[in-house]
Amino acid sequence: MARETKSRAVVLLSGGMDSCVCAALAARDFNAAALHISYGQRTEGRERRAFLAICDRLGIHERLAVRNEALRAIGGSALTDPEIAVPESPIGHGTIGHKIPITYVPFRNAHFLAVAVSWAEVLGAEKIYIGAVEQDSSGYPDCRPAYYRAFNEVVKAGTKDGRIEIVTPLIAMRKSEIVILGLELGAPLDLTWSCYSREDRACGVCDSCVLRLRAFQEAGAADPIVYDEAVQRV
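Residues numbered from 1 in each chain as written. Predicted model: local features only at pLDDT ≥ 70, side-chain atom pairs only at ≥ 80, totals over all residues. Heavy atoms only, no water.

> Looking at this structure, how should I read unusual backbone geometry?
In terms of backbone geometry, most residues other than glycine have negative phi values and most peptide bonds are trans. At Phe 107, a residue that is not glycine, the phi angle is positive and equals roughly 55°. Within the secondary structure, Phe 107 is located in the loop between helix H3 (70-74) and helix H4 (108-123). Under the relative-accessibility criterion, Phe 107 is labelled partly exposed at 48%. (Helix = DSSP H or I, 4+ residues; strand = E, 2+ residues; numbered from the N terminus. Buried < 20%, exposed > 50% of the residue type's maximum accessible area, 1.4 Å probe, protein only.)

> Even after reading the chapter, I still don't get the nonpolar core, so can you show me in this structure?
Formed by 44 residues in total, the largest nonpolar core has its most connected members in Val 10, Leu 12, Leu 113, Ile 128, Tyr 148 and Ile 166. Among the secondary structure elements, those contributing two or more residues to this core are strand S1 (8-12), strand S2 (31-38), H4, helix H5 (145-158) and helix H7 (207-219). Of the residues forming this core, the biggest block, eight residues, is contributed by H4. Not counting residues within four places of it along the chain, the set of residues in contact with Leu 12 comprises Ser 19, Leu 35, Ile 37, Phe 112, Leu 113, Ala 116, Tyr 129 and Ile 130. (Core = buried A, V, L, I, M, F, W, Y, C linked by side-chain atoms within 4.5 Å. Contact = heavy atoms within 4.5 Å.)

> Would you mind showing me how to read H4 here?
Residues lying three or four places apart along an α-helix face the same way, a consequence of the helix completing one turn every 3.6 residues. Given a rise of 1.5 Å per residue, 16 residues ought to cover 22 Å, and the 23 Å separating the end C-alpha atoms of H4 matches this to within 8%. Those residues of H4 lying buried are Arg 108, Asn 109, Ala 110, Phe 112, Leu 113, Ala 116, Val 117, Trp 119, Ala 120 and Leu 123. (Expected span 1.5 Å × (residues − 1).)

> What is the right way to read the pattern of salt bridges from this model?
In the structure shown here, the tally under the stated rule is 15 salt bridges. With its nearest N and O atoms 2.9 Å apart, the salt bridge here joins Asp 29 to Arg 28. Residue classification places Asp 29 among the partly exposed residues on the basis of a relative accessible area of 36%. Arg 28 sits in the partly exposed class, given a relative accessible area of 47%. Across the pair Lys 127 and Glu 165 runs a salt bridge, and its minimum N-O distance is 2.4 Å. Of this pair, Lys 127 sits in strand S4 (residues 127-129) while Glu 165 sits in strand S5 (residues 165-167), and the two are 38 residues apart along the sequence. The partly exposed category is assigned to Lys 127, whose relative accessible area is 25%. (Salt bridge = Lys/Arg side-chain N within 4 Å of Asp/Glu carboxyl O.)

Quick look at the structure:
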């Protein structure tokens, strides 16, 4: 189906693995527009480059990159406050997701979705894709299915036509299943960036790196990004 005849969708694209696979799904089924939000996170420059490269590879031409100054000013997270260290979780560590970690950015996805809904109204898009994952994740409360059910009610009540729907196609998937789906879709996983703390080589020991490495291992695939030489892959 030609791009011009497809329905519109907005996809939130951070530049990470989950959002990349989500963007590949959106680009396959819709005339997709990609939204990237920088919020003062440690790796914002690297994530922005990943966003642009993924859009190029997937052929997503309509893009919006914006800054959110509030989340950095509010702080309270290791991702936005340079005084709070990003914790290390050695590979094989089994407690990720058992409690909300210090890398949680308070109510972040509400900020992101608000921008996405506003843009979707302007574009006439009826779907918003977000790569939220509940299983095999760090345990962030704004990645739960109930959160998106509630947010969809807010969108229905607070938009002109009430027809915009937030969809979370990956939310019930294991990380290894997301890797496999990404490979099947031809998603550019080699262009993604997941590390919380570094922009040159992935650290391999933050929660996000550990979950990613574990996912590729369980999927029986090689992770295509470069990790710190000191990281012992298992």
